[in-house]
Amino acid sequence: MKKICRIALLSLFLITGFSGSVWADDMPQELPQPDPVLSEGRQPETSPETSPETSIDTASTPSIEALMLYSVQTGTLQNGLTIENIHDYIMDKNAYYTGYLLARAAHLVAAPKKKSYRKSALTALSEELDKISSSTIYNLPDDLPDGFDGVDGIFLLSYALSITGHADKAVALFEIHIEDAPFFKRAVIYQMLHLIGTRKARSLVQSGADDEDSNLTQLNTNLLAHRYYPYLHELDTYGSHLPQKKRNRRDLLKEAGKGCNKRATMAVYLLGFQNPSEDTEQANKELHLLRTLTNVQGHHCYYKRHFAVRSLALRSQENMTFWATLFRTEQDGWIRNIIAQIGWSHFGKGFSPVALDLLKEEPNQYVQWELMHGYYETHSGSYRDYWDIWYSPVLQFHLSYKSRGCCHDSLKPEDIDHIMTWLEDGNKPQDHAVYNHMIYNMAKDVKGKQLKRFLSLFNNHPQRNQNWWILSPLYAPESLPLLRYWATLEAPDQQNKQLQSMIEILENRNHHKNEKITRTCCEETEECLRSLITFDQNTIDIISNENEALAWLSSTKTSQNATPLDITFTDDLRLQADVYIGAYPSEIQQWGYSYGCWMRTDE
């Protein structure tokens, strides 16, 4: 059993520009250039490589939960599954809750015109919305893909409603739930409205771009700029080109090879959702076709090929060389973006060196975000997985809205070393915004011997004085001598204010450890805990010009006020911590989060 823990005009242009059928044969426009607000994300476990010719479509007896999943994905009951089987499962009090969601969705697929089934699916969706939180996780049967959480449960039910002609009902339910909803719930709803893609759903996302919360404004702006293939409501319309009786794997394979038309395109889409086959020859033919279609470049039958890439990733892991080669030869930015998602989904941390190699040559900002953040998120949290290949949430959703109940750990020193070495060797993302955030994302975890190396890297920034904000996550008081000097330099007023504010925050930590703490936050985060820890600061270095700054940076001598501060969480909920303060090597402070804030537990 597996435990799974504004640019408004541009957006309007993109939405109207992509309003044609996703089944047309013309190549879409190049990717837009949104500049996401960057925050946090998530990561899968590293997976081993497999040969491009080695199928992981091995035969086995699928569980009823897996059969229900295949049935929902393909829009027709699979492998002899019956309505009676589904009904019995719903009544089984010992069944997986994940299976209950699958059963409600499969019930609707089996009889889409039955009013009671539609109401049951809507009720289940409403219940999921009522209880959703960023920490909702479920147990899964062994043959279901890892990573299913509350967001995926909402997507699954929305998908079933959409492909059976009830997308408007789901949108109406989302519209009701979005009023006065908590922050995370609104973010999920906007993401799902974008995936459904009806005129009403898109108008709600457009309204969300005016949300008072800046992160939600940015999320909705990026949602409007991102074209999902296909919108869920379109599957109901175009699915009619491939009736349910033609959705068995032999007919799908036959139809998928018939050229460039709606029926063939739909068949390629559905081939990604076939269960492992006992017929090895049939399975190999399917995978061979998908591999062949992924390698056909050009304008011809663009969407068929787009779906082939995703279907292949859902069916077979391939290896990193396969996906890296496909990425390098791919002319379309949207498909390169999908390949990057696939890489992180299948290989996790193991994809990092390949992603950095691809990043230095990638021309499109949108794809650069995916490659760059994939590194940070796979090394400090939870990121892409199978479910993301299926419905592909936009990057902004991953970065700003924690999910799957996972915390975000600090980057390990070796991870930071890897990024700094890569940058010091002359590599960097081609887009300046991505480059800035690549440096910014390291700042919060830089400490000890890495600090001056990091500050030297930033000191060489061609627009250093215009970007003091990049340093804002630093929690190293030993950087104060250089920061105070930089604060005397000419810079944009807003940047100067941000640097001064950062200096004040660090100086507020420069008092004796026994002085009374002035609480500035009570969040259950490492950053908040750090802001509450106090210690002595003595004589500090004075820097008055660039030469002195360079000498300070190149010196291996640690500033007299340097005070290393290490936090080690002692429980898996990250609510208990041992704190090591360099100024007091014999003392270990013990802290705990209770009654809504951090407090010392050893006094």
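For the structure itself, look to the data block above.
Everything numeric here is computed off the predicted structure, so don't read it as measured data.

**Q** What is the right way to look at helix α5 (residues 115-131) in this model?
**A** Owing to its 3.6 residues per turn, the α-helix aligns residues three or four sequence positions apart on the same side. In this model, α5 (17 residues) spans 25 Å end to end at C-alpha, consistent with the 24 Å of a helix rising 1.5 Å per residue. Of the residues making up α5, those classed as buried are Tyr117, Arg118, Ala121, Leu122, Ala124, Leu125, Ser126, Glu128 and Leu129. Residues of α5 that are buried sit in contact with α3 (83-91), α4 (97-110), α6 (150-163), α7 (167-178) and α8 (183-196).

**Q** I keep staring at the pairing of strand β5 (residues 588-594) and nothing clicks. Help me out?
**A** Note: strand β4 (residues 576-581) against β5, 5 bridges, orientation antiparallel. Each bridged residue has a counterpart across the sheet, and for Ala577 the counterpart in β5 is Trp591. With 4 bridges connecting them, β5 and strand β6 (residues 597-600) associate as antiparallel partners. When the bridges of β6 are listed, Ser594 appears paired with Cys597. Where β5 hands over to β6, the hairpin turn is made up of 2 residues, of which Tyr595 adopts a positive phi near 55°.

**Q** Please clarify how the packing of aromatic side chains should be interpreted in this entry.
**A** For any pair of aromatic rings, the description consists of the separation of the ring centres together with the inter-plane angle of the planes. In this structure the tally under the stated criterion is 26 aromatic pairs. Seen in terms of ring centroids, Phe184 and Phe397 are 6.4 Å apart; in terms of plane orientation they differ by 35°. Their pairing is tilted. Taken together, the residues span a long stretch of sequence, with Phe184 in helix α8 and Phe397 in helix α21 (residues 395-400) at a distance of 213 residues. Comparing Phe184 with Phe397 shows no difference in burial state: the two are buried. Pairing Tyr375 with Tyr376 gives two aromatic rings, centres 5.9 Å apart and planes at 80°, and the pair type is edge-to-face. Since its relative accessible area comes to 1%, Tyr375 is described here as buried. A relative accessible area of 3% means that Tyr376 is categorised as buried. When the ring centre of Tyr383 is taken as origin, the NZ or CZ atom of Arg384, which lies over that ring, is 5.4 Å away. The ring of Trp552 has Lys452 sitting right over it, with the charged end atom 4.4 Å from the ring centre.

**Q** What's the story with the side chain of Glu65 in this structure? I'm lost.
**A** Mapping Glu65 onto the fold places it in helix α2 (residues 64-74). Glu65 has contacts with Tyr89, Tyr96, Gly99, Leu102, Pro141 and Leu144, leaving out every residue within four places of it along the chain.

**Q** For this particular structure, what's the right way to read the pairing of β4?
**A** Taken residue by residue, a regular strand's side chains alternate between the two faces of the sheet. When strand β3 (residues 565-569) meets β4, the two strands line up antiparallel, connected through 5 bridges. The partner of Phe569 across the bridge, within β4, is Ala577. The loop that links β3 with its antiparallel partner β4 comprises 6 residues; one of these, Arg574, has a positive phi angle of about 60°.

How each quantity is defined
- Residues numbered from 1 in each chain as written.
- Predicted model: local features only at pLDDT ≥ 70, side-chain atom pairs only at ≥ 80, totals over all residues.
- Heavy atoms only, no water.
- Helix = DSSP H or I, 4+ residues; strand = E, 2+ residues; numbered from the N terminus.
- Expected span 1.5 Å × (residues − 1).
- Buried < 20%, exposed > 50% of the residue type's maximum accessible area, 1.4 Å probe, protein only.
- Contact = heavy atoms within 4.5 Å.
- Pairing = 2+ DSSP bridges.
- Phe/Tyr/Trp six-rings, centres within 6.5 Å; stacked < 30°, edge-to-face > 60°.
- Lys NZ or Arg CZ within 6 Å of the ring centre and 35° of its normal.

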